[in-house]
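What follows is each chain in one-letter form.
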Amino acid sequence: MGKKLAVTGNQAVAEAMRQINPDVCAAYPITPSTEVMQRFASFVADGKVDTELVTVESEHSAMSACIGAAAAGGRVMTATSSQGLALMWEMLHIASGMRFPIVMPLVNRALSAPINIHGDHSDGMGSRDCGWIQLFSENGQEAYDNLIQAIRIAEHDDVRLPAMVCMDGFIISHSIESMEYLPDDVVRNFIGEFRPKNPLLDIENPVTYGPLVLPDFFMEFKRQQHEAMLNVKDVVLDVAREFEKISGRGYGLFEAYRLDDAELALVILNSAAGTAKDVIDEYREKGIKVGLLKPRLFRPFPYKEVAEALSSARVIGVLDRADSLGGFGPMYMEISSAMTTNGAKPLMINKIYGLGGRDFMPEHVVQVIDELKEIAETGNIRLQKDFLGVRE
Amino acid sequence: MKGWKDLEIGAITKAGSADEYNTGSWRAFRPQWIEENCIQCLFCWIYCPDSAVTVKDGKRGEFDYLHCKGCGICARECPGKKGKKAIVMVEEGK
């Protein structure tokens, strides 16, 4: 059995990286993910991993070095947050387009300006279309578990795509929680040996990486990436089943909390989902049929499965910790697509919450559930999209 | 042409395949080799950013105009013989 202890989210992620023991890490520090690489650098210095740690001058260089190391044939990881991810942006597309299974913890933090170091999902959502698999984690345990599973998912022959594992900056990254580590040998057996594809270091079989691909072939390569994304769902579920055997912890494409008969439903990512679950329990005791869907896999998005899980809901409140200014929040757009493309027409509202680390309190959940109740009774929606806890 | 199901993922191709394509078609100036001024130093071969200077048995031959982009680096680096360049750039079409 594993070891139970009290650690921060960052510590848990660094521990998972130690157990994964990647060939190469290239990283540049940025709050709140700094502690991940700081702890990992200690593992390197203490000889606890075999990793070649490349300390670079920027996140653009970090992802570039990761891409080079992946092309050479290595198992590669890095970690970042916010502006760091933004600076990686063009290289994120190159990592996915070249089909490198790089795995990266993303400790979610707001994007400037105004400058802010606290947790929201604007960084992760901003990289939604970069061709990376995105897994979200409610707490340190989930971040640890997701990171180990992400290696298997990203490296699967039907996938071969990079993956980022998201957790909330500070709220999770810097909070100490009780959680369980798996034994080293169990993790190593679970992830297995890395099998590089067309490695540049195989000098007997030279290949060209990064050729110019013009209009006659470009779309075929994008279609391939889409196919790989379509394969991710099954791989995520297979890997989760295997992971449950070694950990006793079950995972799916999302978590459905008291959702089976729910007439009112909330959709919330990451740490705020934990807050919502407590409030939902209180409403359930009063006989109000409310439940929660907490997405785990955001890219690719499991539209059909999400729509089925939300099929009993007459009113849905989608909470977004990031905003597409001038549009709906990114999660709302996905839930809306999921419902309408599957023929369901629930009443839906979008609440933007927690930007720049603004506290998300139980009373905010109460406010949203009460509004959902009112919409269910009257059929009227006052404001389709609104902000929670913002001062007038 | 191959469809998406048959292409190697990540646009990975065999090494050295650029040799099979004519990539010299946008040249505005072409290098001209003047053999009598050539001392066979092979600076042109070293400096060429493509592989447009052909070399056989340690001696340079004609330019490979299917791959020369006309950048002019070879002409600039050419030391020539007694002040006379062995490579000069000539405008295409003239």
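Going by the structure above, here's the rest.
Residues numbered from 1 in each chain as written. Chains lettered and ligands numbered in written order. Predicted model: local features only at pLDDT ≥ 70, side-chain atom pairs only at ≥ 80, totals over all residues. Heavy atoms only, no water.

Q: Just checking my understanding: could you explain helix H8 (residues 218–247) of chain A for this structure?
A: An α-helix turns once per 3.6 residues; consequently, residues spaced three or four apart project the same way. Residues and elements named next belong to chain A. Between the first and last C-alpha of H8 there are 42 Å, a value that for 30 residues agrees with the 44 Å anticipated at 1.5 Å per step. If you look at H8, its biggest bend is around 30 degrees, right at Val232. Within H8, burial applies to Phe221, Gln224, Gln225, Ala228, Met229, Val232, Val235, Val236, Val239, Ala240, Phe243 and Ser247. Looking at the packing, one finds that the buried side of H8 touches helix H4 (82–97), strand E6 (133–137), helix H6 (140–155), strand E8 (176–181), helix H7 (184–191) and strand E13 (297–299). With its phi angle positive at about 80 degrees, Gly248 sits one or two positions after the end of H8. (Helix = DSSP H or I, 4+ residues; strand = E, 2+ residues; numbered from the N terminus. Expected span 1.5 Å × (residues − 1). Bend = angle between axes of the 7 residues up to and from the residue. Buried < 20%, exposed > 50% of the residue type's maximum accessible area, 1.4 Å probe, protein only. Contact = heavy atoms within 4.5 Å.)

Q: Honestly, the nonpolar core in this entry has me stumped. Any pointers?
A: Residues and elements named next belong to chain A. One finds Met63, Ile102, Ile148, Leu310, Ile316 and Ile335 to be the most contacted residues of the largest nonpolar core, which totals 103 residues. Each of domain 1 (3–247) and domain 2 (254–387) contributes no fewer than three residues to this core. Apart from residues no more than four positions distant in its own chain, Leu310 is found in contact with Leu259, Ala265, Val267, Leu293, Ile316, Ile335 and Met339. Judged by nonpolar contacts, the second largest core, of 25 residues, contains Ile280, Ile369, Leu372 and Ile375. (Core = buried A, V, L, I, M, F, W, Y, C linked by side-chain atoms within 4.5 Å. Domains from an automatic or database assignment.)

Q: I'm lost on the interface of chain B and chain A in this one. Help?
A: Think of interface size as the accessible area that goes away when the parts come together; that is how it is often given. At the interface, 14 residues of chain B touch 19 residues of chain A. Both faces considered, chain B and chain A share a buried interface measuring about 1500 Å² in area, 68% of it formed by carbon and sulfur atoms. It is Trp4, Ile9 and Ile12 of chain B in chain B that bury the most area against chain A; as a group they hold 42% of the surface buried on that side. Between the two partners, chain B and chain A, sit zero salt bridges. Inspection of the chain B/chain A interface yields five residue pairs in polar contact (both at pLDDT 80 or more). Note that strand E9 (residues 207–208) of chain A and strand E1 (residues 13–14) of chain B share two bridges and pair antiparallel. Bridged to Val207 of chain A within E1 of chain B is Lys14 of chain B. (Buried area = accessible area lost by both parts, 1.4 Å probe. Salt bridge = Lys/Arg side-chain N within 4 Å of Asp/Glu carboxyl O. Polar contact = N/O pair within 3.5 Å; in protein donor to acceptor, adjacent residues only side chain to side chain. Pairing = 2+ DSSP bridges.)

Q: Can you help me understand the sheet that holds strand E14 (residues 315–320) of chain A in this one?
A: The strands making up a sheet associate through backbone hydrogen bonding, with each pair oriented either parallel or antiparallel. Residue and element names in this part refer to chain A. Spatially, E10-E12-E11-E14-E15-E16 is the arrangement adopted by the six strands of the open sheet, whose pairing is mixed. Either end of the sheet is taken by a strand with one partner, and the two such strands are strand E10 (254–257) and strand E16 (385–387). Within this sheet the neighbouring strands show an average axis-to-axis angle of 20 degrees, counted without direction. Judged from the three bridges that link them, strand E15 (residues 347–352) and E16 form a sheet pairing that is parallel. Among the inter-strand pairings, Asn350 is bridged to a residue of E16, identified as Lys385. Its contacts with the sheet place helix H9 (residues 271–285) against E10, strand E11 (264–267) and strand E12 (290–295), and it is angled at close to 165 degrees to E12. (Axes fitted to C-alpha atoms, helices over the stretch in contact; angles between N-to-C directions.)

Q: Looking at this structure, how should I read helix H3 (residues 59–72) of chain A?
A: Residue and element names in this part refer to chain A. Here H3 is 14 residues long and its end C-alpha atoms lie 20 Å apart, about the 20 Å a rise of 1.5 Å per residue gives. Burial in H3 covers these residues: Glu59, Ser61, Ala62, Met63, Cys66, Ile67, Ala69, Ala70 and Ala71. Close packing links the buried residues of H3 with strand E2 (24–27), strand E4 (76–77), H4 and strand E5 (103–108). Looking at where H3 begins, the residue whose side-chain oxygen comes 3.2 Å from the main-chain nitrogen of His60 is Ser58. The positive-phi residue at the C-terminal boundary of H3 is Gly73, with phi of around 120 degrees.

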